[in-house]
Amino acid sequence: MGQQTINGTVSDADGPLPGATIVVQGTNNGVSSDFDGNFTIQANVGDVLELSFVGFQTQYITVAANQSSIAATLETDNELEEVVVTGYGTQKKVNLTGAVAAVTGEVLEDRPIVNVGEGLQGVIPNLNIDIRNGDPTTAPEFNIRGFESINGGTPLILVDGVPMDLGSLNPNDIASISVLKDASSAAVYGARAAFGVILIETKKGKTGKASVSFTSEFSFGRPIMNIDLLDNPYEAALIKNASTQRNAGTDAFDADYLAGAQAWVANPTPENAWIREGTVLRHVGFNNFADEFVRNWAPQQRHNLSVSGATEKSNYYVSLGFLEKKGWINNDDKNIDYDRYNILAKTSYKITDWLEMDTKVLVTVEEDDQPHFYNWDVNINSLARMGANAVRFPDLPYYLTPGDRSQYEQYIGIPFLSVNPMAYIENGGRDLMHQNDILATQGLTITPMKGLKVRAEFSPNYTYVYNEDQRTKVQGLVGGASVDLSNITFDSGFSTTDFLENRYDKRFYYVFNAYADYTFEPENSNHYFKAIVGFNQEMGNRHYTRAKAYSLITPNITNINATTGAQEAYSGASHVSLRGAFYRLNYIFQDKYLIELNGRYDASSRFPTDTRFDFFPSFSAGWKISEEDFMAGTSSWLDALKIRGSYGELGNQLLGNDWYPYIPTMGSNTSSYLLAAGSRAPYVSPAGLVSSDLTWETVTSSNFGVDATILNNKLDLSLDIFTRTTKDMLMNVTYPDILGTSAPKSNAADLQTKGWELAATWKNQINDDWYYGVTLALSDSQAEITKYDNPTGSLNEYYVGQKIGEIWGFKVDDGRNGIFQTDAEVAGWADLTKMNFDGWKAGDLKYQDINGDGVVDRGNETLDNPGDRTIIGNSSMRYRFGLNLDLRYKNWSLNSFFQGILKGDYMPPNGNWVAFYPFNAGHVEKYYVTDSWTPDNPDAYFHAAETGTNNNGKKNLQYNSRYLQDASYIRLKQLNLNYRVPQDIVDLIGVQSLNLYYSGQNLWEATKMRKPLDPEVRPTLTQEYYKNRTHAFGVKIGL
Amino acid sequence: MMKNILNKILFVFSASFLLLSCNDDFLERQPLDQISNSSFWNTENDLAVYNNFYYHLVQNDNDYPILMGHDDGFDSQKYSYAYLDGMTDNTAPRHGRGLAFARIKTGKWNTPSSKNANDAGGWFGYKGWPLIRAINIGLAQYDKANVSESVKNHYKAEARLFRAIFYADKVSKYGDVQWADKELTTSDDDILYGPRDSRDFVMGKVLEDLNFAVANLRSSNPGKLTLAAAQLLKSRICLFEGTWRKYHNLGGHEQWLTEAASAAKALMDSGAHSLHVASDPNFSYNELHRLEVVDGSPEPIFIQRYERGIRTNHFQNYYRNYNGGATKSFVEDFLCEDGLPISLSPLYQGDANFRDLFVNRDPRLRQSVLHPDDQVLYRYGNHGPDVNPYPRIQGMSGGMRIYTGYHIIKNFQVGPAYAGYNSSMTPGIPLRFGEALLNYAEAKAELGGGTISQADLDISINLLRDRVGMPHLTPNPPMDPRYADEGISSILVEIRRERRIELFIEGFRYDDLRRWKQGKKLEQKDYGIRWDAANRAAIDPDGKTIVKSGLVDGVEYLEIYKGTDFENPVFDESKHYLWPLPLDVLSQNPDLGQNPGW
């Protein structure tokens, strides 16, 4: 087969290079050079040998016929060639002057992640990603460098230059991710780049042999549930009684129940789970809903096939991806099912020397099928926490009197609706989502002369979304933990009003770019010029139609035609456009002094004609100190040192869905107010107030950075310090209510964010077999309001000097001193009646009278008179970090990734049914018993057991320092073990390469947050679709 | 070659400039799915759909406690006119979710921190201004329409009637309030940051609006406010203002009372409405309040309508429990069949035996409060009709338990009470003809210095009495000794009693006590049923009841708030007649000033 043995030598400038890797490209066939730099490898004619060593530039050598020896000299890397994608072009990393961080798509590989956001968490300092739950349809929240604006604001996310939702992208198709953090680097994106830009480039073919890669992965996820239910119904009833006694003076469970529960605990047979009282059958046992209905292991699978290659003339990359994620429901037919299909096809072809055309098509199909969402009663949260409640009509030997079984047999297994969420999950209808997204790009590149490149590209993006919400009638029995056998009635519970709702969304968006770049580098000179000028125009429109019809004829036919009730129809449409011209000028002198000028002249349809246009310039400069002659003495250990600084201005036009904030419009809709039976009242509402001189928020950012590479490229450091000022923030100035509407947005507030970020990498090839690397990303930011119109200092609004994230609350001591131990203590305490709660007694929290006026109150809720509230914490998450440990030995590699937050506070919300506070929801957990105050448990964390769902029951749930949670955490996000099957075995199978891997996600964490809180699900009030601990097994084949 | 290349460059750039030049409109994006002010206000339909917005808004009973109905979902536990009596001696809510009402009743409340506070003073509080803005914008635009003056005036009248009832409610709670009769913009600093306008001024404006509404509203306006509604609301508001001025010594009450009487009289004379008559005399009084559909009845003047799939409430399910039950004071106010109060009538059987309470009494008692024998008739229970003996007191097991022992059945409807979540269609009836009769009689009696003619009684109160078969009221009834020291005539005592009985849990009592300056009545403790050894043994043999008892004239009764912070109610006459402005409202505009005592 033409395979030949090649003997070679690898050396660097100083001599032989031991430990260099020589691999036949696209295969696992690889060897290392020995101590003298020699190696021997088998290869075919035409194969490309990849010669690499950490810190050196990789060399590619194509095997020629009859070639038997190779002598290669690797050049020190110095990252000379590392190129980073920046806006409308690329830049050598060493020449960057702005704050840009980049990683390759490798960080996303071999991981059972559903979307890109999961894979990027913690990877790039100050690219902050929060993922609210485990639902694959929930978009991760991206943020760059902390709090943006009081109006929110998000980074601009571009995939190959087109704004896109990252949630649906196939992580395997990503070649690189660049994050543009400061004004200078993001300036060419003008009015949308104020809060940074994330640039994603998709893969393309590599020169050399065609490469075919197939990956298949199966994983199993187990919900991270920190619930420890009290499975003893007798104990649960006792403590529950104590809680309702304290709140309302009544028992939740009577003596009959207690006796029955006690008997069941002693002998937990199915018969003992029910007691009889007259004609009433009562459930006194305990059902572990979580065990029964939550899957232990939810399956997920991913498969990817990609084919790519390139010649001098053409380049292609085609990939097909499939992902399926199943949910937490322990019923295969009724489980949550998310499927995604990704197709990416890219080709480019050089028609002539100077003309190249490229075409890309990216197709994403997403399908989601979930049980219809009713409300918090019917989701995993309540399911997992139901505890001691009846499930279904029981199967008993007899019901009221022996022998009457046949009379009631018909009801066996029918759920009681008031406490059984499974009935709704199984038969209450489905919420379906189907989304097709098609992005096409046609590009044209002309190279009319050396150094000049002109490119135009047009990218239309069509998105179609179809949602169908079915609420179908559930049949169940009236009742919860008891049933009156003399009066068994059927009901439909929450599904009484059944309906179908269909919604079609059509979205269109196009991006047109035309730009030219020109590089001028006179030979034998110290000068280097590069210029880019360009034009960008974008337009989008959206339409939707929604129809809803009530009363299905049968739950089996879910079509609006098959309904008999009232019908509603709605639609909406909007459009937006954007246009800008931009430039970037680079000048480098003596390869040491770097200067860059950026700017963009931008216009947005969201602003009035007169204030629509604005110019956003920026400037940056860098100095490669290590290149200076006077640094010659340090060159033995200091490989590179650069300092850089930037300053610039950007605009923020992002106003959420407020497309026409300057145009007063009247609303129109159909009211639920009924003029007569079946006759809904159509209405038109008055136009709101608008401001006619509305314009961009301006974001000024300055950045100072140092990049250093030391110890023979072993250690790489990059540090950035920044200040970002958001000026003229569009704020809803709060006027007295008599205005009767929300005030128009006006540019009236300022904010300043300060922070820093550090990226450090240590990598070391110890010898032929061992390599290890450590990467740390650490960052911080803090924001403060510097201007805001709040003359009365109301604490219900922002105020000047406010640190974003401040949590106001009362002071309560930790430990025994924070809880009244005796009623006498209450009597001797400051006056608590102004708190608007009643019945203060031993076991309640000792809210402190910090202003010493003898009364605990909220004052006027102003800065001047905040009563006894003070700043007890800050919910801004600070010192976010990611720590990557990479260890390789021969064919094995072990990669672990830790991610977390070092500082931040969380105040659990005190709304009804939030599970954190004991007895604030309907269940009982073990810690309710052990951690609630009693005279015998004076050091308990929580106040005395008290039902918190009533208004008065909230008296111990007012925001206070005692219950403030330290939200810092560290979580093992990823543990990856990869084995490269040796080449001789691979050859036997007949493939080019074979890798096997295990990848675990969210395997371990440490946090000071109390259970059942999860440090990563802070954004949610009650736990939703849980995050999983996932174990994945995958295989990756190269053909 | 070079020329070729230049051509290509030109091609690319000309292509791009094609897209961007010749296209000045590219950046002009007008709304696609909304109406602009300039294209509206042409036809009568425009005016009608604009005015529909007022009805749409006031469905929110929390922000707009006018024309109230019953809320949906979990808010059904607080936002309904049926709960408002919880602030009075009519009912005694003690459930945690109804404590805001108990707090107001007993004077144990503080200035709310926010207008949105989920607590006393937050509910139904100082808010709702978007309605006024909408009305004022409408009033400035109606004239643009190409319709006749009378058509315009009808829509103006509808708008102004809404404005009047909104302001009347605000004045009743806050005294002085800011008046706005034009669209405010952010530059109207003098109003935005100005002080409150005086009660006199605002009520003067309210009367102007009411008069305009009465003069211009159509008598037929399906599903919406009519002339009859304007007349009834005018009589209600003027009676409130007249009696408030009289008993709070503000002077000038005669004009208001005269307006109240004449507005009610006009409605009574119009023949547009009459009292509801039930097919079954046992339900003559309460049937109207238990119907799911009231369309055929002549009594409702305005209803909040509900229909499954469009708009529903959950009222029937929650209300039995959260109202706490009727009080001893209320039950004892019912006359005996001879028209005499229990303090005078030989027919009164006493309360030693629970059933005896109902013997020889005004039939409305047994149609308001559950008689033990009616448990089957009404199929009353908790999660479904049950077989437990009634009454049932909180703490006992099984069935529907309340605090006072007097289960309220006015407004109880068996079907929807146990039906699925939020599926009740029970209509809200904020305006009904019966009230006009009471307003008329009271205004006439107040105008007459505590006297009223038999003829006036016969066209008003006695119609209500006829409906339930009670003897007629005469101009000089014997004085109920229990009310002899209130400083009003015996006929006024009886007219007020009639009002309390007839309008029970329709949301009137709290306003009535305040306008009569009888807030001190709220310092009397709330009691439930007699709880002596005999009753205790009969009703709660296991002794599970958690409601404590107290002595009234040496006899034990359930004392609803005993052992709670509400045990000793306070009504500070210098403070509690008016509500406090929420702190956040004051912090936005300190010039509004707080009400005295708060």
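These notes cover the structure that comes with them. (Residues numbered from 1 in each chain as written. Chains lettered and ligands numbered in written order. Predicted model: local features only at pLDDT ≥ 70, side-chain atom pairs only at ≥ 80, totals over all residues. Heavy atoms only, no water.)

**Examining unusual backbone geometry**
Among all residues save glycine, negative phi is the norm, and among peptide bonds the norm is trans.
Right, on to step 1. The amide bond that connects K1011 of chain A to the next residue, P1012 of chain A, takes the cis arrangement and shows omega of 5°.
Right, on to step 2. Inspection of the secondary structure assignment puts P1012 of chain A in the loop between β51 (993–1007) and β52 (1028–1038).
Right, on to step 3. Cis peptide bonds are those with omega within 30 degrees of zero, and the linkage from Y390 of chain B to P391 of chain B qualifies with 5°.
Right, on to step 4. Within the element layout of this structure, P391 of chain B appears in the loop between α13 (375–378) and α14 (414–418).
Right, on to step 5. Positioned with a positive phi, N126 of chain A is a non-glycine residue whose angle comes to about 65°.
Right, on to step 6. Note on placement: N126 of chain A falls in the loop between α1 (116–120) and β12 (127–130).
Right, on to step 7. A residue is classified by how much of its surface remains accessible, and N126 of chain A, at 2% relative accessible area, is buried. (Helix = DSSP H or I, 4+ residues; strand = E, 2+ residues; numbered from the N terminus. Buried < 20%, exposed > 50% of the residue type's maximum accessible area, 1.4 Å probe, protein only.)

**A look at the interface of chain A and chain B**
Right, on to step 1. On the chain B side, the residues contacting the 98 residues of chain A number 91 residues.
Right, on to step 2. Our enumeration of links across chain A and chain B arrives at 3 salt bridges.
Right, on to step 3. Counting across the chain A and chain B interface gives 26 residue pairs in polar contact (both at pLDDT 80 or more).
Right, on to step 4. Taken together, the elements giving at least two residues each to the side of chain A that touches chain B come down to β25 (430–449), β26 (452–471), β30 (499–520), β31 (527–550), β32 (567–589), β33 (593–604), β36 (667–676) and β37 (679–685) of chain A.
Right, on to step 5. Looking at the side of chain A that touches chain B element by element, the count peaks at 9 residues for β32 of chain A.
Right, on to step 6. Class assignment of the residues belonging to the side of chain A that touches chain B gives a composition of 47 nonpolar, 38 polar and 13 charged. (Contact = heavy atoms within 4.5 Å. Salt bridge = Lys/Arg side-chain N within 4 Å of Asp/Glu carboxyl O. Polar contact = N/O pair within 3.5 Å; in protein donor to acceptor, adjacent residues only side chain to side chain. Nonpolar A, V, L, I, M, F, W, Y, C, P; charged D, E, K, R; others polar.)

**Examining the packing of helix α8 (residues 227–247) of chain B against helix α9 (residues 253–270) of chain B**
Residues and elements named next belong to chain B.
Right, on to step 1. The geometry of α8 relative to α9 is characterised by a closest axis approach of 7 Å and an angle of 155° between their N-to-C directions. With respect to each other, α8 and α9 are oriented roughly antiparallel. The element α8 and its partner α9 pack so that their crossing is left-handed. Between α8, through A228, Q231, L232, K234, S235, C238, L239, E241, G242, T243, R245 and K246, and α9, the contact on the second element is made entirely by H253, W256, L257, E259, A260, A263, A264, A266 and L267.
Right, on to step 2. Partitioning the contact of α8 with α9 into residue classes produces 11 nonpolar, 5 polar and 5 charged. (Axes fitted to C-alpha atoms, helices over the stretch in contact; angles between N-to-C directions. Parallel < 35°, antiparallel > 145°, perpendicular 65-115°, else oblique. Left-handed = near helix turned anticlockwise from the far one by under 90°.)

**Considering the pattern of salt bridges**
Right, on to step 1. Using the criterion set out here, one finds 108 salt bridges over all chains in the structure.
Right, on to step 2. Through salt bridges with shared partners, one network takes in E299, D362, R364, K410, R432, R465, R467, E498, E502 and E506 of chain B.

**Observations concerning the packing of aromatic side chains**
Each pair of aromatic rings is reported with the distance of its centres and the angle of its planes.
Right, on to step 1. Inspection of every chain in the model, using the stated rule, returns 82 aromatic pairs over all chains.
Right, on to step 2. On the numbers, 6.4 Å between centres and 50° between planes, the contact of Y64 of chain B with F166 of chain B is tilted. Taken together, the residues span a long stretch of sequence, with Y64 of chain B in the loop between α2 (44–58) and α3 (99–106) and F166 of chain B in helix α5 (residues 149–174) at a distance of 102 residues. For the pair formed by Y64 of chain B and F166 of chain B, the shared burial category is buried.
Right, on to step 3. Pairwise contacts between aromatic rings join Y64, W109, Y126, W129, F166, Y167, Y174, W179, Y510, W579 and W598 of chain B into one cluster.
Right, on to step 4. The cationic tip of R503 of chain A hangs over the ring face of Y544 of chain A; the distance from NZ or CZ to the ring centre is 4.0 Å. (Phe/Tyr/Trp six-rings, centres within 6.5 Å; stacked < 30°, edge-to-face > 60°. Lys NZ or Arg CZ within 6 Å of the ring centre and 35° of its normal.)

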